[in-house]
Amino acid sequence: MLLLEVISGERLAKPERGKMRVHKISNVNKALDFIASKGVKLVSIGAEEIVDGNAKMTLGMIWTIILRFAIQDISVEETSAKEGLLLWCQRKTAPYKNVNIQNFHISWKDGLGFCALIHRHRPELIDYGKLRKDDPLTNLNTAFDVAERYLDIPKMLDAEDIIGTLRPDEKAIMTYVSCYYHAFSGAQKAETAANRICKVLAVNQENEQLMEDYEKLASDLLEWIRRTIPWLENRAPENTMQAMQQKLEDFRDYRRLHKPPKVQEKCQLEINFNTLQTKLRLSNRPAFMPSEGKMVSDINNAWGCLEQAEKGYEEWLLNEIRRLERLDHLAEKFRQKACIHESWTDGKEAMLQQKDYETATLSEIKALLKKHEAFESDLAAHQDRVEQIAAIAQELNELDYYDSPSVNARCQKICDQWDNLGALTQKRREALERTEKLLETIDQLYLEYAKRAAPFNNWMEGAMEDLQDTFIVHTIEEIQGLTTAHEQFKATLPDADKERQAILGIHNEVSKIVQTYHVNMAGTNPYTTITPQEINGKWDHVRQLVPRRDQALMEEHARQQHNERLRKQFGAQANVIGPWIQTKMEEIGRISIEMHGTLEDQLNHLRQYEKSIVNYKPKIDQLEGDHQQIQEALIFDNKHTNYTMEHIRVGWEQLLTTIARTTNEVENQILTRDAKGISQEQMNEFRASFNHFDRKKTGMMDAEDFRTCLISIGYNMGEAEFARIMSIVDPNRIGVVTFQAFIDFMSRETADTDTADQVMASFKILAGDKNYITVDELRRELPPDQAEYCIARMAPYTGLDSVPGALDYMSFSTALYGESDL
């Protein structure tokens with residue numbers, strides 16, 4: 001009973017003073033009852049055996065007392081008793097060579113473990129470098145002697161017994177080692193304080209690294225956007241379709257190869273920023289404010305400008321391709337009409353300038369006059385072609401055709417020549433009319449031939465021109481319209497053939513008259529240069545062009561059918577993918593708002609969604625392939641769907657960003673819940689309150705809704721207090737409160753986190769209750785990297801009790817939590 005009173009520091013019941021057996025048993029029972037009251041289970045130990053001198057029972061009771069009052073209270077990093085004592089020994093002896101503590105028997109036989117414990121806490125007592133592992137007797141006796149002399153630890157063990165025993169007694173060694181633990185318990189407090197400082201400094205170092213990573217990633221992304229936007233805003237047109245096609249291919253490479261990695265970087269940047277802010281809040285640090293121009297909002301604004309420029313660039317490319325396609329068609333049409341007109345006008349000026357009427361007979365003058373009338377008719381028929389040539393040249397100028405100077409020069413030459421032809425024609429008519437009175441006869445048949453042959457010849461030339469005219473269509477309806485017009489033209493061919501036969505009949509009648517009356521006509525028609533051979537040749541040419549036109553229309557019809565299949569194929573996929581993306585966006589939004597299951601369940605659900613979305617990517621790629629085929633086929637509209645590839649791309653990128661952001665929010669909520677010790681029920685209550693006051697169902701509360709929420713849960717505050725709270729939950733001053741900020745605020749009201757005062761108290765322990773700490777103390781108690789981190793940032797101590805090398809840990813502790821500059 002006296003032993004228990006000394007060890008426990010408590011008073012036991014009054015002992016029996018008698019010498020009889022019953023008195024002794026009663027006293028022993030009182031001792032056993034006291035041991036049991038301390039939570040110790042006594043198995044097979046009775047008072048009678050102790051009184052009778054049972055050595056085994058007595059030794060068992062003594063070990064129970066040692067275990068309860070000397071060892072059980074030892075606690076190291078949430079482990080206690082034997083495990084805690086062993087962990088303490090391993091930690092203290094870890095830096096020492098030849099020491100490997102794994103148990104409380106053979107690990108101590110060489111004596112180096114005891115010497116290492118003493119040297120770790122009192123290095124001046126033992127010269128550890130002179131000890132040898134092959135001399136255990138010297139090592140054990142050195143440790144036992146030093147412990148007894150300087151640490152007041154009695155010699156409980158015998159060196160010869162430990163060496164001579166294959167397996168030393170575990171309980172004896174554990175009891176002796178526990179005396180070392182209690183002797184050095186003061187140093188344990190310093191170690192705990194050092195661990196706290198290490199933890200705080202590690203958090204600070206990690207946050208600083210995250211800030212540096214954010215700044216670099218933001219700078220790189222903004223630089224890429226800055227370099228890309230001028231390229232997308234460049235509207236310098238190209239002169240050829242090939243050059244514009246190359247620009248379109250470069251834009252496709254940008255969309256397919258260069259932009260997707262940057263979309264991933266932007267998403268990762270937002271995730272890193274949110275994670276950093278969450279860690280800063282959890283460690284009670286000030287919110288991170290990026291450098292000017294590198295906020296997430298700045299990056300989003302820059303990204304919006306990029307996408308706006310990208311959209312405008314694509315529209316410009318397609319419009320330029322349409323313009324160049326139209327220009328090529330018009331330029332070819334201009335060249336064809338100009339060639340036909342120039343072929344027709346070749347020699348006309350020389351013919352009009354002839355003076356043949358001066359020496360002609362009356363009949364020849366009549367013929368010349370009629371011939372001139374026929375020419376005027378032909379000239380009037382060509383007026384439409386000249387007007388068409390001028391109109392095409394004007395349209396090429398308006399569309400900024402690159403070769404407009406040569407087109408204008410050629411058009412001007414044609415117009416000048418046409419005006420000259422008109423003047424020459426009028427001048428010749430006047431000359432012929434002046435001499436008409438001198439002329440008498442003319443062959444009416446030749447005149448009739450000329451009058452009918454000229455328009456028919458003009459009709460054939462127009463038909464040949466139409467049959468050879470190039471066409472451009474974009475739909476089946478347009479090609480069907482051309483086919484219908486061609487069929488209508490073919491229906492007029494029989495009547496045209498009758499007209500040709502009639503004209504040839506006139507010529508045959510002239511030939512018959514010439515042969516009958518032996519008229520000297522020199523074998524030519526004086527009224528026209530159009531011969532039956534020319535009419536037949538042009539008619540045969542028209543008949544040859546008709547089947548060619550049929551073939552061209554059939555090929556174009558097949559191409560338009562293929563384009564229509566591409567439209568339907570794209571439309572069918574887009575009409576499925578577009579609603580699917582919208583549905584997934586809505587489902588993800590409901591997961592972030594509703595409270596089905598735990599946060600881990602929500603996170604698993606989101607990851608399943610993310611997996612299904614990633615598995616859906618091949619369908620997007622397939623749609624991209626169909627879209628590329630459509631663009632290569634120069635298809636510009638699609639009536640089978642309201643979705644464009646741009647809509648699908650934007651929706652897909654928003655879906656990937658939304659699932660990543662929502663997953664990150666739930667992970668941050670889990671991080672907050674675990675760090676703050678929030679239960680699932682509390683988290684559900686927070687979510688229910690947030691959803692109730694999120695009246696617009698946007699996932700965010702505005703300031704008034706947040707004020708109403710705080711009042712409903714019992715806050716009584718003025719404008720100043722509410723403004724302070726808003727500065728905590730809305731540090732960027734955007735006027736809304738997210739659910740993450742809401743739970744951070746609610747959990748902060750009750751959570752216990754490290755504070756500047758706690759860190760300051762820890763430094764004071766390491767400094768031995770001094771108001772300053774030395775460089776040597778920091779390097780002895782902290783890991784090297786964190787000791788140097790503190791030394792580099794602590795200001796010199798300037799108090800009256802300062803010594804050389806003294807550092808001010810108080811201002812440093814305050815700066816860690818943003819209360820002053822670090």
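Throughout what follows, the structure given in this document is the object of discussion.

### Quick notes on the packing of helix α28 (residues 756-766) against helix α31 (residues 809-816)
Following both chains from N to C, one finds α28 and α31 inclined at 150°, their axes separated by 8 Å at the closest point. With respect to their mutual orientation, α28 and α31 come out roughly antiparallel. Crossing of α28 over α31 shows right-handed handedness. On α31, the residues touching Ala756, Val759, Met760, Phe763 and Lys764 of α28 are Tyr809, Met810, Phe812, Ser813, Thr814 and Leu816. Among the residues making up the contact of α28 with α31, the classes are represented as eight nonpolar, two polar and one charged.

### Section: the pattern of salt bridges
If the charged atoms of two oppositely charged side chains come close together, the side chains can form a pair. All chains considered together, the criterion is met by 45 salt bridges. Arg226 is paired through a salt bridge with Glu223; the nearest N and O atoms lie 2.3 Å apart. A residue pair is termed a helical-turn pair when its members lie 3 or 4 positions apart in one helix, as Arg226 and Glu223 do in helix α10 (residues 185-233) at three residues. For Glu223, a relative accessible area of 32% corresponds to the partly exposed category. Across the salt bridge formed by Lys262 and Glu265, the nearest N and O atoms sit 3.6 Å from each other. Note that Lys262 and Glu265 are positioned in helix α11 (residues 241-282) at a spacing of three residues, about one turn of the helix. Residue Lys262 is classed as buried on the basis of its relative accessible area of 16%.

### A few points about a nonpolar patch on the surface
A cluster of nonpolar side chains, contributed by Leu3, Ile7 and Ile62, occupies part of the molecular surface with about 220 Å² of accessible area. Within the secondary structure, Ile62 is located in helix α4 (residues 55-71). Under the relative-accessibility criterion, Ile62 is labelled partly exposed at 31%.

### Digging into the packing of aromatic side chains
One pass over the structure, following the stated rule, counts 21 aromatic pairs. Ring centres 6.4 Å apart and planes at 5° place the aromatic pair Phe104 and Trp108 in the stacked group. Side by side, Phe104 and Trp108 carry an identical accessibility label, which is buried. Seen in terms of ring centroids, Trp108 and Phe114 are 4.8 Å apart; in terms of plane orientation they differ by 40°. Their pairing is tilted. For Trp108, a relative accessible area of 0% corresponds to the buried category. Among the aromatic side chains, those forming a connected cluster through ring pairs are Phe104, Trp108, Phe114, Phe144, Tyr176, Tyr180 and Phe184. Between the NZ or CZ atom of Lys348 and the centre of the ring of Trp344, over which it lies, the distance is 4.9 Å.

### What to know about the nonpolar core
Trp652, Phe706 and Phe742 are the most contacted members of the largest nonpolar core, which has 45 residues in total. If you list the elements that add at least two residues to this core, you get α20 (532-593), α21 (599-615), α22 (617-632), α23 (645-676), α24 (680-693), α25 (703-712), α26 (719-729) and α27 (739-748). With sequence-adjacent residues up to four places away left out, Phe706 is seen in contact with Met701, Phe722, Ile725, Met726, Val729, Val737, Phe742 and Phe745.

### Concerning unusual backbone geometry
Backbone geometry places Asp152, a non-glycine residue, at a positive phi of 60°. Structurally, Asp152 can be placed in the loop between α7 (136-150) and α8 (159-164). The phi torsion at Arg733 lies on the positive side, around 55°, for a residue other than glycine. Here Arg733 is to be found in the loop between α26 and β4 (736-738). For Arg733, a relative accessible area of 70% translates into the label exposed.

### Quick look at the sheet that holds strand β6 (residues 795-796)
Strand order in the open sheet formed by three strands is β5-β7-β6, with antiparallel pairing between adjacent strands. Two strands close off the open sheet at either side, each with one partner strand: β5 (773-774) and β6. Relative to strand β7 (residues 806-808), β6 is paired through two bridges, and the arrangement is antiparallel. Bridging from a neighbouring strand, Pro796 pairs with Leu807 of β7. The sheet contacts of α31 involve β5 and β7, and relative to β7 the element is tilted by about 35°.

### Thoughts on the environment of Asp702
Here Asp702 lies in strand β3 (residues 700-702). Exposure remark for Asp702: the relative accessible area of 24% places this residue in the partly exposed category. Distance in space between the C-alpha atoms of Asp702 and Val737 is 6.2 Å, their sequence separation being 35 residues. Reaching out from Asp702, the side chain makes a polar contact with the backbone nitrogen of Asp705 at a distance of 2.8 Å.

How each quantity is defined
- Residues numbered from 1 in each chain as written.
- Predicted model: local features only at pLDDT ≥ 70, side-chain atom pairs only at ≥ 80, totals over all residues.
- Heavy atoms only, no water.
- Axes fitted to C-alpha atoms, helices over the stretch in contact; angles between N-to-C directions.
- Helix = DSSP H or I, 4+ residues; strand = E, 2+ residues; numbered from the N terminus.
- Parallel < 35°, antiparallel > 145°, perpendicular 65-115°, else oblique.
- Left-handed = near helix turned anticlockwise from the far one by under 90°.
- Contact = heavy atoms within 4.5 Å.
- Nonpolar A, V, L, I, M, F, W, Y, C, P; charged D, E, K, R; others polar.
- Salt bridge = Lys/Arg side-chain N within 4 Å of Asp/Glu carboxyl O.
- Buried < 20%, exposed > 50% of the residue type's maximum accessible area, 1.4 Å probe, protein only.
- Patch = residues over 30% accessible without salt bridge, like charges linked within 9 Å, V, L, I, M, F, W, Y side chains within 5 Å.
- Areas by Shrake-Rupley, 256 points an atom, 1.4 Å probe, with all protein chains shown as cover.
- Phe/Tyr/Trp six-rings, centres within 6.5 Å; stacked < 30°, edge-to-face > 60°.
- Lys NZ or Arg CZ within 6 Å of the ring centre and 35° of its normal.
- Core = buried A, V, L, I, M, F, W, Y, C linked by side-chain atoms within 4.5 Å.
- Pairing = 2+ DSSP bridges.
- Polar contact = N/O pair within 3.5 Å; in protein donor to acceptor, adjacent residues only side chain to side chain.

In short, the description is geometric, and any link to function would need to be established separately.
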